[in-house]
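Geometric and topological summary
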Amino acid sequence: MSSDVQNKKDDKKVLVLFFSLGLIAALFVGWVIFPKLLYKTQKQPIDFNHSLHLDLVDDSCNSCHFFRDDGTFSGIPKMAQCIDCHEEVQGENPEEEKFVSQYVQESKEVPWLSYSRQPDCVFFSHVAHTQKAGMECKTCHGNIGTSEHSKEYKENRITGYSIDIWGRNILGMAGETWKSAKMDDCAKCHKKETGSQGSCFQCHK
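Conventions we followed
- Residues numbered from 1 in each chain as written.
- Predicted model: local features only at pLDDT ≥ 70, side-chain atom pairs only at ≥ 80, totals over all residues.
- Heavy atoms only, no water.
- Helix = DSSP H or I, 4+ residues; strand = E, 2+ residues; numbered from the N terminus.
- Buried < 20%, exposed > 50% of the residue type's maximum accessible area, 1.4 Å probe, protein only.
- Contact = heavy atoms within 4.5 Å.
- Areas by Shrake-Rupley, 256 points an atom, 1.4 Å probe, with all protein chains shown as cover.
- Salt bridge = Lys/Arg side-chain N within 4 Å of Asp/Glu carboxyl O.
- Phe/Tyr/Trp six-rings, centres within 6.5 Å; stacked < 30°, edge-to-face > 60°.
- Lys NZ or Arg CZ within 6 Å of the ring centre and 35° of its normal.
- Arc of directions from axis to C-beta.
- Polar contact = N/O pair within 3.5 Å; in protein donor to acceptor, adjacent residues only side chain to side chain.
- Disulfide = S-S within 2.5 Å.
- Axes fitted to C-alpha atoms, helices over the stretch in contact; angles between N-to-C directions.
- Parallel < 35°, antiparallel > 145°, perpendicular 65-115°, else oblique.
- Left-handed = near helix turned anticlockwise from the far one by under 90°.
- Nonpolar A, V, L, I, M, F, W, Y, C, P; charged D, E, K, R; others polar.

**Things to note about the overall build of the chain**
A tally of regular secondary structure across the chain gives seven helices and two strands. Of all 205 residues assigned to the chain, the portion counted as buried reaches 19%. Summarising the internal contacts of the chain: among those between residues at least 6 apart in sequence, 62% fall at separations of at least 24. When the accessible surface of the chain is totalled, it reaches about 15100 Å², and 58% of it is carbon and sulfur.

**Focus on the pattern of salt bridges**
Counted under the stated rule, the structure contains two salt bridges. For K40, the salt bridge is made with E155, and the minimal N-O distance between the two is 3.6 Å. Of the two residues, K40 sits in strand β1 (residues 39-42) while E155 sits in strand β2 (residues 153-156), which places them 115 residues apart along the sequence. Judged by relative accessible area, which is 16%, E155 ranks as buried. K98 is the partner of E95 in a salt bridge, and the nearest nitrogen-oxygen pair spans 3.7 Å. Of this pair, E95 and K98 are both found in helix α4 (residues 94-104), three residues apart, which corresponds to roughly one turn of the helix. By relative accessible area, which is 21% here, E95 ends up partly exposed.

**Section: the packing of aromatic side chains**
By the definition in use, this model includes three aromatic pairs. Each ring, one from F67 and one from F73, has its centre 5.2 Å from the other, and the planes form 55 degrees; the classification is tilted. An angle of 50 degrees between the planes, with centres 5.8 Å apart, marks the rings of Y115 and Y153 as tilted. Here the residue Y115 occupies a position in the loop between α4 and α5 (126-132), and Y153 occupies one in strand β2, the gap between them amounting to 38 residues. Residue class for Y153 comes out buried when judged on its relative accessible area of 3%. For K151, the ring lying beneath its charged end belongs to Y115, and the centroid distance is 5.2 Å.

**Describing α4**
In an α-helix, one full turn covers 3.6 residues, which means residues spaced three or four apart are oriented alike. Restricting attention to buried positions, one finds in α4 the residues E96, F99, V100, Y103 and V104. One face of α4 carries all of its buried residues, which in axial projection span an arc of 115 degrees. Against the buried residues of α4 lie α3 (79-86). With a side-chain oxygen positioned 2.7 Å from the backbone nitrogen of E95, the residue opening α4 is N93.

**Some words on unusual backbone geometry**
One non-glycine residue, S107, lies in the positive phi region at around 55 degrees. Residue placement: S107 occurs in the loop between α4 and α5. Of the residues examined, S107 reaches a relative accessible area of 67% and is grouped as exposed.

**Examining the state of the cysteines**
Among covalent bonds in proteins, the disulfide is the one between the sulfur atoms of two cysteines. For the structure shown, the criterion picks out zero disulfides. Free of any disulfide, C82 has its nearest neighbouring cysteine sulfur in C64, separated by 6.8 Å.

**Overview of the packing of α3 against α4**
As a packed pair, α3 and α4 sit with axes 12 Å apart at the nearest point and diverge in direction by 120 degrees. By the criterion of interaxial angle, the relationship of α3 to α4 is oblique. Once α3 is placed against α4, the crossing between them reads as left-handed. When α3 is examined against α4, the residues M79, C82, I83 and H86 are found in contact with a partner set consisting of E96, F99, V100, Y103 and V104. Per-class residue counts for the contact of α3 with α4 are seven nonpolar, one polar and one charged.

Set out below in structure tokens:
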């Protein structure tokens, strides 16, 4: 075999090697590095203890997260719902002291970071799922009532939305969450219960 032929074969092997390494590097950056750079992690302004509050109320989640008379969902509680119990510091928890001194006494709403804030073009009805379909809160939100700390909030640097409203990541694995209802979960449940994934326009207006 001539040296020219051997050199061409060696060159081809080098090109294949570099192409393979480049492809692996690109996939690693796209699947691992980029998602980590895409999201910034933040903490809630107050480290909220769901478990402590759930032990003190009689009506489970509905005591704080209730439905209004017109069927709309109240969502994250406002200061008016908290002030009766938290007008003064009741214990030695520094988070409660911060809540009372920085928000209650200053008559300021807590700027909670919402894990489930939807784009304006998306509509979701809690009453249709919990009242009409009889679903429990934990079906979508997991046993959040037993949590003693707020989980980290991961915000997409481009869209400004939480990682918890999207579906599976690019690797096909569920995102990091205790259990947050994601778009994939909605499609799976609707298909199981109704035999159809439904129309896009059920939620997207």
